[in-house]
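# Remarks on the overall topology
Residues per chain are reported as follows:
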Amino acid sequence: AAAVKRVHFAEEWNEFHHLLTFEALGGDRSWATRFLAQHAAIVYYWVLVLMWLLSPTLAYNFSELIEAHAVDTYAEFADANEELMKELPPPGIAIQYWMGGDMYLYDEFQVFVQV
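Residues numbered from 1 in each chain as written. Predicted model: local features only at pLDDT ≥ 70, side-chain atom pairs only at ≥ 80, totals over all residues. Heavy atoms only, no water.

Scanning the protein chain from terminus to terminus reveals 6 helices and 0 strands. In the protein chain, which comprises 115 residues, the share counted as buried stands at 11%. Considering only intrachain contacts with a sequence separation of at least 6, the fraction spanning at least 24 residues in the protein chain is 68%. Here the protein chain has roughly 9200 Å² of accessible surface; of this, 65% comes from carbon and sulfur atoms. (Helix = DSSP H or I, 4+ residues; strand = E, 2+ residues; numbered from the N terminus. Buried < 20%, exposed > 50% of the residue type's maximum accessible area, 1.4 Å probe, protein only. Contact = heavy atoms within 4.5 Å. Areas by Shrake-Rupley, 256 points an atom, 1.4 Å probe, with all protein chains shown as cover.)

Right, here's the structure in full:
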């Protein structure tokens, strides 16, 4: 259980830095966007709580579906805007995280090693 928690935290830390990078690129400039995102997160939390009360497995599977959708959406965005993003200077937070020395457990959730 402890090993799984470590990997989940590492994934969360990585997602947090993706969020900070997108915000630094201007993804949080609009008040309406910030409002919608913050309130959608609250709704999402309570939906998962209610689902968990009904079935923890259902809540986990739903969360996994949302995560898969987020990965697909991120990939679509990256593909569609590849040239534009290459022209932009990387935000400081991105340089600090991805070029810094502390990639907390990055290999544990990005690299699959078959045993």
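Taken over all residues, the pLDDT of the protein chain has a mean of 85, while the share at 70 or more is 87%. Summarising per-element confidence for the protein chain, the mean pLDDT is lowest in helix α6 (residues 106-110) (58) and highest in helix α2 (residues 31-54) (94). (pLDDT = per-residue confidence, 0-100.)

Here we come to the packing of aromatic side chains. In the structure shown here, the tally under the stated rule is 8 aromatic pairs. Centroid distance F22 to Y74: 5.7 Å. Interplanar angle 80°. Geometry classified as edge-to-face. Of the two residues, F22 sits in helix α1 (residues 2-27) while Y74 sits in helix α3 (residues 56-80), which places them 52 residues apart along the sequence. By relative accessible area, which is 29% here, F22 ends up partly exposed. Between W31 and F35 the ring centres are 5.1 Å apart and the planes differ by 20°, which places this aromatic pair in the stacked class. Within this pair, W31 and its partner F35 are both found in helix α2, separated by 4 residues, close to a single helical turn. (Phe/Tyr/Trp six-rings, centres within 6.5 Å; stacked < 30°, edge-to-face > 60°.)

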